Amino acid sequence: DTPTILDIPQITLNKTSSSLIDIGPDANAPANADRRTFLVEFAYEIINTGAFTLTDIALQDDFMAQNPTVVVRQVGQASTVAFNHSVHGGVTADFAAGTAGFLETLAAVPVGTATQGADSLEVGESITLSVRASFVIDLAALAALPGNGLIENQGRVTSYSDKDGDGIPDWQDPTPVE
């Protein structure tokens, strides 16, 4: 029995909040001065830093679950406001930020679904996208956080390599790769 060596994809995700705009009181509790509605824009950069083409790229972000005492609720659905593949370009339809669970749970949302070639990353290629969403934030809970009110702002990206090009992710491929 000869073991099959699986190449582990290497992918980098950079996430930032590029804007935070106070758009007014919580519509459900307008008299509560501690609860304000904010429009937030998150920017994501996904980079193939490995040695193989990556396919089946998906982005996960559970921003609300990371901050349960501060984020009261999401107002409406998130929307994709920008998408760009470093080689293939793209359109906002390449990422469905309004998918149920995105920004709430670790629901995996496929990346690059509308533009030919934008659903994979060759070595060194990248995808950048921006998502806008509105949240009701509890300012008193935010002020009570350690670290001067720093909230969690992490995302997760998944992908697979297909070294032999047969359309089957290597980890599922019954054909050994030489």
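Summary of the structure given here.

Analysis parameters
Residues numbered from 1 in each chain as written. Predicted model: local features only at pLDDT ≥ 70, side-chain atom pairs only at ≥ 80, totals over all residues. Heavy atoms only, no water. Core = buried A, V, L, I, M, F, W, Y, C linked by side-chain atoms within 4.5 Å. Buried < 20%, exposed > 50% of the residue type's maximum accessible area, 1.4 Å probe, protein only. Helix = DSSP H or I, 4+ residues; strand = E, 2+ residues; numbered from the N terminus. Contact = heavy atoms within 4.5 Å. Pairing = 2+ DSSP bridges. Axes fitted to C-alpha atoms, helices over the stretch in contact; angles between N-to-C directions. Polar contact = N/O pair within 3.5 Å; in protein donor to acceptor, adjacent residues only side chain to side chain. Phe/Tyr/Trp six-rings, centres within 6.5 Å; stacked < 30°, edge-to-face > 60°. Lys NZ or Arg CZ within 6 Å of the ring centre and 35° of its normal. Salt bridge = Lys/Arg side-chain N within 4 Å of Asp/Glu carboxyl O.

**Describing the nonpolar core**
- In this structure, Phe 95, Phe 102, Leu 103, Val 111, Leu 129, Val 131 and Phe 135 are the most contacted members of the largest nonpolar core, which totals 30 residues.
- For this core, the element with the most residues is strand 6 (residues 126–138), which contributes 6 residues.
- Aside from chain neighbours lying at most four places away, what touches Leu 129 is Phe 42, Ala 43, Tyr 44, Leu 59, Ala 82, Phe 83, Phe 95 and Val 111.

**Re the sheet that holds strand 4 (residues 71–85)**
- The 4 strands lie next to each other as 1-2-6-4, forming an open sheet whose pairing is antiparallel. The open sheet is flanked by strand 1 (11–25) and strand 4, the only strands paired with a single partner. Strand-to-strand twist in this sheet, taken as the mean axis angle between neighbours without regard to direction, amounts to 15°.
- Two elements, strand 4 and strand 6, share 10 bridges in a ladder whose sense is antiparallel. What sits directly across from Phe 83, in strand 6, is Leu 129.

**Observations regarding the side chain of Glu 41**
- Position of Glu 41 relative to the elements: it lies in strand 2 (residues 35–48).
- Of the polar contacts made by the side chain of Glu 41, one reaches the side chain of Arg 132; its length is 2.8 Å.
- Sequence-distant contacts of Glu 41, that is, excluding residues within four places in its chain, are made with Thr 16, Ser 17, Ser 18, Ser 19, Val 81, Ser 130, Val 131 and Arg 132.

**Overview of the packing of aromatic side chains**
- Tallying each qualifying case throughout the model produces 5 aromatic pairs.
- Just above the ring of Phe 42 sits the side chain of Lys 15; from NZ or CZ to the centre is 4.3 Å.

**Re the pattern of salt bridges**
- Counted under the stated rule, the structure contains 4 salt bridges.
- Residues Asp 26 and Arg 73 are paired through a salt bridge, measuring 2.5 Å at the closest nitrogen-oxygen approach. Of this pair, Asp 26 sits in the loop between strand 1 and strand 2 while Arg 73 sits in strand 4, placing them 47 residues apart in sequence.
- In this structure Arg 73 comes out as partly exposed when scored by relative accessible area, which is 23%.
- Of the charged contacts in the structure, one is a salt bridge between Arg 132 and Glu 41, with a shortest N-O distance of 2.8 Å. On the criterion of sequence distance, the pair formed by Arg 132 in strand 6 and Glu 41 in strand 2 is long-range, its members being 91 residues apart.
- With relative accessibility at 37%, the residue Arg 132 sits in the partly exposed group.
- Accessibility expressed as a relative area gives 15% for Glu 41, which makes it buried.

**Focus: the side chain of His 85**
- Its location among the elements puts His 85 in strand 4.
- Note on His 85: relative accessible area 1%, which makes it buried.
- Look past the residues within four positions of His 85 in its chain and what remains in contact with it is Gly 117, Ala 118, Ser 120, Leu 121, Glu 125, Ser 126 and Ile 127.

**Observations regarding the environment of Ala 140**
- Relative to the helices and strands, Ala 140 resides in helix 2 (residues 139–143).
- With a relative accessible area of 37%, Ala 140 lands in the partly exposed category.
- C-alpha separation for the pair Ala 140 and Val 70, spaced 70 residues apart in sequence, amounts to 8.2 Å.

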